[in-house]
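# Topology and contacts: notes
These are the residues of each chain, in order.
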Amino acid sequence: MKTVILAPLDPVHDNAVKLLQRKLTEAGYGAIALPPGVTAEEVIERALTEKPAAILVSRTLGYKVAETLSGLVDLADAAGLRPHTRLGVGGMAVTREIGAELGFDGVFNGDLNMPAVIAFIENRPIEMATADTAPARIKPDLTAGYSYRFIDPLIEGLLDQITSQLLDWVKAKSSPGTKRAQLREAMLAEPETSTEKSRLQEQYLQQCDLEIQSFYREGSLPDGVRWLDQGELERLPGLTAALPQSLSVRHVGERPLIFTQYGTGCPVMDAVHIKVAEAWGADGLLHFDPSWGAQREGLLDGLLSHEHDGTILTLDNLRLIRSAIAPHLLWNVRGHRGLNTPETQVLAQAAGADLLKINIPYGATGGATDPARLAVDGVYSLQLAARYGLPFDIPGNDELSGVPPYKTFAGLLVMTMLGLKLGARPIPKPLMCYSPYMMVEGCMEDNFIDMNTAKLRVWSEIIDAPIWPGEPVGFMTHTPDRVQSAMTTAAHVALAKNLGAAAVTMASSDEAYSKGPISAQARVDTLRAARELLRFMGSAGFSPTPAADRLQVQLHAGIRQQLQLIAKRGDFVAAIYEGLLGSPEDGLHPGRTGRGTVQE
Amino acid sequence: MISIGFAGTAKNTGKTTAALAVLEQAQRAGLRLGLTSIGYDGEEIDHITGLPKPRYFAPAGTLVTTARDVLTSGSAVLQPIETLDTSTLFGPVILAEVAQPGSLVLVGPNHKAGLHSALQRLNAQGVDLVLVDGALNRLAPMAICDGLVLSTGAAYDQRIPVIADHAHAMNRLFHLPVLAPAGNLPEDAFILTNSNGKTSSIRGSSLLTEVAARELCQQISKPVSGLEIPGVSAPDAVLHLIECAISQLAGAQLVFGSALHLASSKDARTWLKVFNRAQSLRIKIYVRETIPLRCITLNPLYPEFTTRSGQYQYAQVDAEKLREAVSGRIIDIPVVNMLDKPQPDLLGWLDIPVKGAKS
Amino acid sequence: MGSARAQVADAIDIETFFICRDAEEAQRLALQLADELNLTDVSIVFLEHAGIGARVRLRSYVHRPGEHYGWLENATQA
């Protein structure tokens, strides 16, 4: 058994030494921990007796402390220990350069890395993981392990009725959006310079708004949009190379997966933000596009930067962004509203997205798209999702307008059943938020735990499906204050974990700041905060009050009732128009973008 | 080949400045040069203080032993010759030749055995003079060098009398009389010699703590004519032994393995107390081996930390007073401020032959 | 109008993120930023490097305890 001497040269603190002693003993070493304030002479004398494989010293570095450490090294050399005993030092501010100057064989800083310590003791190279040598991280499947079996037969029956009617209604209907998606797929299959591609593009432009046509024919760019230049593109890969490893937000367990959203407007800045999120532990990313893009028929093309929120959906932009995303991260491209929903799914799949986003009722109200149009486009998009084999998430952000959760969840369930019928894999996204409805009804006066618990737990009474609270969690609880914002996000993430969420989307600490784009440091802040709170909670949990159960019962009943109303209406699209999935009283109106564009 | 170690009493005492001065004179004399360091030298900015550091600029043809990861850290173009069997925090040590002159970073073997191997390889390459730059107050690897330059100054202590006392004590250590062994003595045991010249050994070889001193004292039951401590020793432990075994050790020879074994432990001034007490008891102190201390260099500058700025800046003590104080205590070897002009004949001081230098 | 700096209770913190290779480069950049912004008496409160860069909080003390406080000199007597 090899011996290791641990020497805290610090006169007071030896906690690092005690921890290391325990870990080394567990690993089979004879770890001798000397008391705090031990002198170099005492360390060497002990080492001459024990003949250790290594002496590990801990001390916070300061100016004159360096001489103390180098004195130990010198004494070890003079005593003839060095050929057989390795000398390692750990502590604040000890860098590799300082370690070399002091004469040590190993330097340890940051969190305790036992594999590195053991490799050092055994005189094995401490293998610095590089992107090539780090074990390949497997991209998780959020839907794995879920049967999608309905547990509430009444709800299942109602959903079956509703979705059958909808699928029947959309049969033989098309829109400029579905046509453009078909043309886009065909164009992607053609060589770049082929005449067939040019012909298809001309047909594509026939389905586009004049502004989009003008871009392709005359090269005119919308306001605030510019081309990325070659220099930017050449310098970017150096910054966004694969990282060998990243921090983890989770402390115990493999769930929830942590998603963050990006969409600065510039794909270069997005790439940097993506690398920041990746380094600080994100498992997945969501692409946010500008809302004006969703209101035009047709998508732009090429590498475009945009000086307002949302990064323009073009295949080249998506591919550039994809190149910055590590292979093991999940990537979701938003396309749940607007006039380009089907084509967005085509581009997302072509660029390598892992998840799509589709929600007809939300996109047709809060997303301002005409319900009939989005019903046609949405069903087509679900068919694409099924064909591509990509799961799709269903955001529930209509609650932010004031819609009660039972209505939002009714919509999420309709989309869930619709997706399942078409062969796709849905992931409902109940929103953990302090919505206007909650404020008015006083559902969250005492705490934020009970209502959110009810909202997540009710799903397990209805269907065995992955639940992914977003986007982001804690919506409307954030303020511009960095600490408060990070804390509330972290608390919601911890609660989501406790409630078994498969994934969670978290904001930056700039979430409530509206006067400028999100900063990189704001992203780091919430990821660190979430990491800290998940560490704090570990395997422990939250204790909702009895109100949570009552709210859950009410919610479940409300969902049933709303689905009964929708089923009774017998026309899903009409149900949206008439407010059954969110009414003017709730703060929602049916969208108008694309009205009258559905074709039989 | 001659190797000169540049050691310091602390960080920022001017080791590299002294080495650079010798480098310049050696280069003018046409000597084939080798450079290495037992620490980390040649960087632009000090890693602790953030202050600028003197940089190595090596002429073409200079051989260096430095770590793989810093081969390209300077502007000099280095041509690797072989990888040595010594490792550092910056990878294995590489023997290389300066193909194009420029600045260098030196991270060489950090311990005696590694330095020994590096010097052998440099010697095999026909180097005339190797400069071994030190690190902080580290001395032990220099035991295998042919000579030593010791740098001290205000970075050790800002009180001039303290600098002078300490330098004097260090000088005493390196000028202890050398007693060649009569035969082959074990290096892993204390050796007692009785009045008849008969030797016996006691387990242990280093004397570093009072506990160890008491244990050794208990083993010395009768008066001895000699006690050999081959390993490292700490002065307070030795003092404790002397006080504990006064009647046994009075008039005896106390022989240490090496002057460097004494210099590596505690403040050299504490050894003066040992020598004075030994003298009062007619105990004669010897070392088996030493390394010639050729000169002492002085640096009046020191890094001063100011709370207001949160940074270090250079301050200085009175350079003339410093020189006078140290020269007054050390008369057997030269004492110099390397920045004084004109520069002395350093090669002469270091006993480095310049005639017949290899081209 | 008096100096805003004088009304800083004690310190100015700069929260930022540097694109940089490692923690040492981040430290150097932080101190250089302080220079560029004419900040004095600076220290790095927090620095964490991961991947593409470092999260940094840089602090510049304006009034340390025991010094003369600008905001007290500007205060009106009761």
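Residues numbered from 1 in each chain as written. Chains lettered and ligands numbered in written order. Predicted model: local features only at pLDDT ≥ 70, side-chain atom pairs only at ≥ 80, totals over all residues. Heavy atoms only, no water.

## Focus: the interface of chain B and chain A
Listed by partner, the interface residues are 37 residues for chain B and 31 residues for chain A. Overall, the association of chain B and chain A removes approximately 3000 Å² of surface from exposure, summing both partners, and the carbon and sulfur fraction of that is 57%. The interface formed by chain B and chain A includes two salt bridges. A salt bridge links Glu101(A) to Lys11(B); the nearest nitrogen and oxygen atoms lie 2.7 Å apart. (Contact = heavy atoms within 4.5 Å. Buried area = accessible area lost by both parts, 1.4 Å probe. Salt bridge = Lys/Arg side-chain N within 4 Å of Asp/Glu carboxyl O.)

## Concerning the packing of aromatic side chains
Residue and element names in this part refer to chain A. Evaluated as defined, the whole model comprises 12 aromatic pairs over all chains. With a centroid separation of 5.1 Å and 85° between ring planes, the pair formed by Phe215 and Tyr216 is classed as edge-to-face. The class of Phe215 is buried, set by a relative accessible area of 6%. Tyr216 sits in the buried class, given a relative accessible area of 18%. (Phe/Tyr/Trp six-rings, centres within 6.5 Å; stacked < 30°, edge-to-face > 60°. Buried < 20%, exposed > 50% of the residue type's maximum accessible area, 1.4 Å probe, protein only.)

## Some thoughts on the pattern of salt bridges
One pass over the structure, following the stated rule, counts 63 salt bridges over all chains. The residue Arg482(A) makes a salt bridge to Asp525(A) at a minimum N-O spacing of 3.7 Å. Taken together, the residues span a long stretch of sequence, with Arg482(A) in helix H20 (residues 482–498) and Asp525(A) in helix H21 (residues 520–537) at a distance of 43 residues. Residue classification places Arg482(A) among the partly exposed residues on the basis of a relative accessible area of 28%. Taking relative accessible area as the criterion, Asp525(A) reaches 11% and is therefore assigned buried. Asp69(B) is the salt-bridge partner of Arg68(B), the closest N and O atoms lying 2.8 Å from each other. (Helix = DSSP H or I, 4+ residues; strand = E, 2+ residues; numbered from the N terminus.)

## Considerations on helix H1 (residues 23–36) of chain C
Residue and element names in this part refer to chain C. Over its 14 residues, H1 runs 20 Å from end to end, which matches the ideal 20 Å to within 8%, given 1.5 Å per residue. Among the residues of H1, those classed as buried are Glu25, Ala26, Ala30, Leu33 and Ala34. Those residues of H1 hidden inside the fold are in contact with strand S1 (11–19), strand S2 (42–50) and strand S3 (53–61). Of the residues flanking the start of H1, the one acting as N-cap is Asp22, its side-chain oxygen 3.2 Å from the backbone nitrogen of Glu24. (Expected span 1.5 Å × (residues − 1). Polar contact = N/O pair within 3.5 Å; in protein donor to acceptor, adjacent residues only side chain to side chain.)

## Structural notes on the pairing of S3(C)
All names here are of chain C. Within S3, seven of the nine residues are buried, which leaves it mostly tucked inside the rest of the structure. Judged from the nine bridges that link them, S1 and S3 form a sheet pairing that is antiparallel. In the strand pairing of S3, Ala11 is matched with Tyr61. When S2 meets S3, the two strands line up antiparallel, connected through eight bridges. Each residue of the ladder has a partner; that of Ile44, found in S3, is Leu58. Linking two consecutive strands that pair antiparallel, namely S2 and S3, is a turn of two residues; a positive phi of about 65° is found at Gly51 within it. (Pairing = 2+ DSSP bridges.)

## Considering the sheet that holds strand S13 (residues 253–258) of chain B
All names here are of chain B. On the basis of which strands lie adjacent, the open sheet formed by five strands has the order S11-S10-S12-S13-S14 and mixed pairing. Either end of the sheet is taken by a strand with one partner, and the two such strands are strand S11 (199–203) and strand S14 (284–289). Each adjacent strand pair in this sheet contributes to an overall mean axis angle of 20°, direction not counted. In terms of strand pairing, strand S10 (residues 189–193) meets S11 through five bridges, oriented antiparallel. Residue pairing for S11: Phe190 is matched across the bridge by Ile202. (Axes fitted to C-alpha atoms, helices over the stretch in contact; angles between N-to-C directions.)

## Re the state of the cysteines
All names here are of chain B. Scanning the entire structure with this criterion turns up one disulfide over all chains. Across the disulfide from Cys217 sits Cys244; the S-S distance is 2.0 Å. Its torsion about the S-S bond being -90°, the disulfide of Cys217 and Cys244 is classed as left-handed. Within this pair, whereas Cys217 is found in helix H4 (residues 210–219), its partner Cys244 is found in helix H5 (residues 235–244), the two being separated by 27 residues in sequence. Its relative accessible area of 7% is what places Cys217 among the buried residues. (Disulfide = S-S within 2.5 Å.)

## Structural notes on helix H1 (residues 15–26) of chain A
Residue and element names in this part refer to chain A. Taking 1.5 Å per residue as the helical rise, H1 with its 12 residues ought to reach 16 Å, and the 17 Å between its terminal C-alpha atoms agrees with that figure. All of the buried residues along H1 are Val17, Leu20 and Leu24. Buried positions in H1, seen along its axis, are confined to an arc of 65° and lie on one side of it. Away from its buried face, by an angle of more than 90 degrees, H1 presents the exposed residues Asn15 and Glu26. In this fold, the buried residues of H1 make contact with strand S1 (3–8), strand S2 (30–33), strand S3 (54–58) and helix H5 (114–121). (Arc of directions from axis to C-beta.)

## Here we look at the nonpolar core
Judged by nonpolar contacts, the single largest core of 120 residues is most densely connected at Phe174(B), Leu227(B) and Leu241(B). Leave out the neighbours within four places in its chain, and Leu227(B) touches Phe190(B), Ile191(B), Leu192(B), Leu216(B), Ile220(B), Leu241(B), Leu249(B), Gln253(B), Leu254(B) and Val255(B). The next biggest cluster of nonpolar side chains, apart from the first, holds 119 residues, and it includes Tyr216(A), Tyr262(A), Leu329(A) and Val493(A). (Core = buried A, V, L, I, M, F, W, Y, C linked by side-chain atoms within 4.5 Å.)

Keep in mind these values describe shape, not function.
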